[in-house]
2 protein chains.
Amino acid sequence: MPGPARADAVVLCSGGLDSCVTLALAARDHAAPAVLHASYGQRTAARERQAFERIADFYGIPPGRRRVLDLAFLGALGGSALTDPSIPVPRQEPGPGIPVTYVPFRNAHLLAAAVSWAELLGAEPIFIGAVEEDSSGYPDCRESFLAAFERAAAEGTGPGFAPRIVAPLVHRSKAEIVRLGVALGAPLELTWSCYEREDLACGECESCRLRLRGFRDAGVADPIPYASGC
Amino acid sequence: MPGPARADAVVLCSGGLDSCVTLALAARDHAAPAVLHASYGQRTAARERQAFERIADFYGIPPGRRRVLDLAFLGALGGSALTDPSIPVPRQEPGPGIPVTYVPFRNAHLLAAAVSWAELLGAEPIFIGAVEEDSSGYPDCRESFLAAFERAAAEGTGPGFAPRIVAPLVHRSKAEIVRLGVALGAPLELTWSCYEREDLACGECESCRLRLRGFRDAGVADPIPYASGC
């Protein structure tokens with residue numbers, strides 16, 4: 001019998017643009033998505049959590065299908081501008097190589113939690129809003145990583161459970177993601193992308209710049225307020 | 001220059017027999033192993049943590065090379081006799097299939113944390129005391145899972161870092177592990193395996209039975225005290 005936590009997909013949702021559009025796609029195709037958010041000691045953790053809850057509210061996801069993962073361990077390791085206040089957040093779009101905002105192997109922690117929950121729920125599709133090319137160049141956003149992790153998830157869980165890592169945006173550009181979100185009626189006004197500030201988006205950090213370019217290239221006004229009046 | 005956290009290997013260490021012998025092997029071959037323990041809301045978490053600290057003391061591992069991962073998320077998910085008090089711990093060795101003590105995809109969480117830390121340390125060998133055949137039948141202890149995870153770790157981390165998952169016991173029997181531990185001078189008297197009790201090992205749970213058979217088959221007296229006088 002259906003219980004309160006019955007679900008047919010697990011969706012990782014940071015509260016940012018990409019994960020919101022990913023949830024919009026999952027919610028279009030699945031009747032009862034479960035959503036998983038993570039805090040890892042990043043600078044804007046409280047604001048991202050708020051965005052996550054509002055987006056989950058928008059999609060009518062009940063408390064039994066929402067979970068928050070506390071990855072304080074990752075934050076305490078440091079080594080990233082997102083979790084170590086002594087490393088400044090870059091104020092331009094990332095160039096070649098891995099930016100200092102990379103949190104080592106973060107997506108493996110998120111996917112491990114999603115797979116654990118999905119196995120208990122019996123929900124095989126696991127959605128993640130990873131973007132490979134038009135993004136920050138994090139190695140754990142590459143399709144090759146996601147495919148390898150899917151294989152590990154199949155090998156490391158019980159028989160009869162066939163987890164699938166679904167990354168519908170992995171080869172999309174930011175502008176395509178914005179347009180797709182608009183077409184799906186995703187609540188882009190509820191999302192939060194800024195790496196620096198929690199009151200108004202700074203408009204200047206690596207993440208704001210990627211986002212603003214995406215909206216600009218899509219010819220869509222970004223509905224969130226910016227400190228710099230972008 | 002060497003800092004306090006300089007390390008040449010990361011070793012997952014629950015505080016049980018298998019991870020103690022794995023650390024003994026790692027410490028034989030590496031000058032500065034770093035050790036990682038996890039609590040995930042299991043019944044004997046405090047006792048396992050104590051065993052971990054004592055074993056790390058034995059090997060002279062300084063605080064900068066010890067970390068504890070809090071996986072409260074996994075515990076809160078439940079679904080396992082180790083984390084859900086309403087599911088009794090079996091009192092016999094596991095038969096075919098996956099026992100109710102399986103914690104869904106637990107080792108992926110442990111390995112993700114080990115890889116994150118290892119990438120920051122630049123320490124490529126990651127030791128885990130997983131045992132495939134003569135153990136509980138957990139899918140995340142299989143060599144096929146470990147190999148797939150190693151591939152995911154290579155794909156999901158930066159260039160120039162080549163993580164290796166080292167599982168030296170994966171095809172050993174419990175008796176072989178006991179004998180190897182004795183030969184290496186591992187502090188087996190400091191280990192904790194019981195799933196049920198924290199004062200004296202119960203001698204009756206699935207894990208105690210596996211352990212006791214290993215010592216018996218090896219012809220070695222188990223140095224820890226048992227409630228049942230085993």
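The rules behind each value
Residues numbered from 1 in each chain as written. Chains lettered and ligands numbered in written order. Predicted model: local features only at pLDDT ≥ 70, side-chain atom pairs only at ≥ 80, totals over all residues. Helix = DSSP H or I, 4+ residues; strand = E, 2+ residues; numbered from the N terminus. Pairing = 2+ DSSP bridges. Axes fitted to C-alpha atoms, helices over the stretch in contact; angles between N-to-C directions. Expected span 1.5 Å × (residues − 1). Buried ≥ 20, exposed ≤ 12 C-beta atoms within 10 Å, placed from the backbone. Least-squares fit on C-alpha atoms with pLDDT ≥ 70 in both. Contact = placed C-beta atoms within 7 Å. Nonpolar A, V, L, I, M, F, W, Y, C, P; charged D, E, K, R; others polar. Core = buried A, V, L, I, M, F, W, Y, C linked by C-beta atoms within 7 Å. Parallel < 35°, antiparallel > 145°, perpendicular 65-115°, else oblique. Left-handed = near helix turned anticlockwise from the far one by under 90°. Right-handed = clockwise from strand over helix to strand, strands pointing away.

Right, let's get into the overall build of chain A. When helices and strands are counted, chain A shows seven helices and five strands. When its helices and strands are written in sequence order, chain A yields β-α-β-α-β-α-α-β-α-β-α-α. Expressed along its principal axes, the backbone C-alpha trace of chain A runs to roughly 50 × 35 × 30 Å.

This brings us to the sheet that holds strand 3 (residues 66-70) of chain A. All names here are of chain A. Taken together, five strands build an open sheet; the order of strands is 3-2-1-4-5 and the sheet is parallel. Only two strands of the sheet have a single neighbouring strand rather than two, namely strand 3 and strand 5 (164-166). Recorded for the sheet is a direction-independent mean angle of 25° between the axes of neighbouring strands. Sheet topology note: the strand 4 (residues 125-127)/strand 5 ladder contains three bridges and is parallel. Looking across to strand 5, one finds that Ile126 is bridged to Ile165.

To continue, consider helix 4 (residues 106-121) of chain A. Since the α-helix turns once every 3.6 residues, residues separated by three or four places project in the same direction. Residues and elements named next belong to chain A. With 16 residues, helix 4 extends 23 Å between its outermost C-alpha atoms, agreeing within 8% with the 22 Å of an ideal straight helix rising 1.5 Å per residue. With 15 of 16 residues buried, helix 4 is to be regarded as a mostly interior element. Gly122, located one to two residues past helix 4, shows a positive phi value of around 70°.

The subject of this paragraph is the relation of the copies chain B and chain A. After a rotation of 180° and a shift along the axis of 0.0 Å, chain B superposes on chain A with an RMSD of 0.0 Å. Here the two chains are linked by the operation of a two-fold rotation axis. Both copies contact each other with a shared surface, as 100% of the interface residues of chain B are interface residues in chain A too.

Each partner contributes residues to the interface: chain B has 33 residues there, and chain A has 33 residues. Put simply, the parts of the chain that give the side of chain B that touches chain A at least two residues each are strand 3 (66-70), helix 3 (72-77), helix 4 (106-121) and helix 5 (143-155) of chain B. For the side of chain B that touches chain A, the element with the most residues is helix 4 of chain B, which contributes ten residues. Each residue belonging to the side of chain B that touches chain A can be placed in one class, and the counts come to 19 nonpolar, eight polar and six charged.

Attention now goes to the nonpolar core. In this structure, Val10 and Ala114 of chain A together with Val10 and Ala114 of chain B are the most contacted members of the largest nonpolar core, which totals 154 residues. If near-sequence neighbours (up to four positions away) are discounted, Val10 of chain B is found in contact with Ala34, Leu36, Ala114, Trp117, Ala118, Leu121, Ala123 and Ile126 of chain B.

Bringing the packing of helix 1 (residues 17-29) of chain A against helix 6 (residues 174-184) of chain A into the picture now. Helix packing for two helices is described by the angle between their axes and how far apart those axes are. Residues and elements named next belong to chain A. Where helix 1 meets helix 6, the axes come as close as 10 Å, and the angle between the chain directions of the two elements is 40°. Classified by the angle between their axes, helix 1 and helix 6 sit oblique to one another. Pair helix 1 / helix 6 crosses with left-handed handedness. In contact with Leu17, Asp18, Cys20, Val21, Ala24, Leu25 and Arg28 of helix 1, helix 6 contributes Ile177, Leu180, Gly181 and Leu184. Taken together, the residues of the contact of helix 1 with helix 6 break down into eight nonpolar, one polar and two charged.

Looking now at the sheet that holds strand 1 (residues 9-12) of chain B. All names here are of chain B. A sheet is described by the order of its strands in space; here five strands give the open sequence 3-2-1-4-5, paired in parallel fashion. Single-partner strands in this sheet number two, and they are strand 3 and strand 5 (164-166). Averaged over all adjacent pairs, the angle separating strand axes in this sheet is 25°, with direction ignored. As paired strands, strand 1 and strand 4 (residues 125-127) are joined by two bridges and run parallel to one another. Paired with Val11 across the two strands is Phe127, which belongs to strand 4. Those strands touched by helix 1 (residues 17-29) are strand 1, strand 2 (33-39) and strand 4, and its axis lies near 165° from that of strand 1.

A word on the pairing of strand 1 of chain B. All names here are of chain B. Neither face of strand 1 is open: one carries Ala9 and Val11, the other Val10 and Leu12, and all of them are buried. Bridge count between strand 1 and strand 2: four bridges; the pairing is parallel. Across the sheet, residue Ala9 finds its bridge partner in strand 2, namely Pro33. Each parallel crossover has a hand, and the one from strand 1 via helix 1 to strand 2 is right-handed.

Moving on to unusual backbone geometry. A positive phi is found at Phe105 of chain A, a non-glycine position, where the angle reads about 60°. The class for Phe105 of chain A is buried, based on 29 C-beta atoms found within 10 Å.

Another aspect to go through is the environment of Val35 of chain B. Looking at the element boundaries, Val35 of chain B is found in strand 2. Apart from the residues within four sequence positions on either side, Val35 of chain B is in contact with Val11, Cys13, Leu23, Ala56, Ile61, Arg65 and Arg66 of chain B.

Relative to the helices and strands, Pro88 of chain A resides in the loop between helix 3 (72-77) and helix 4. As for Pro88 of chain A and Val100 of chain A, which are separated by twelve residues in sequence, their C-alpha atoms are 8.5 Å apart.

This brings us to the pairing of strand 2 (residues 33-39) of chain A. Residues and elements named next belong to chain A. In terms of residue burial, strand 2 counts as a mostly covered element, since six of its seven residues are buried. Pairing of strand 2 with strand 3, which is carried by five bridges, proceeds in the parallel orientation. What sits directly across from His37, in strand 3, is Val68. At this point the chain moves from strand 2, through helix 2 (residues 45-58), to the parallel strand 3, and the crossover so formed is right-handed.

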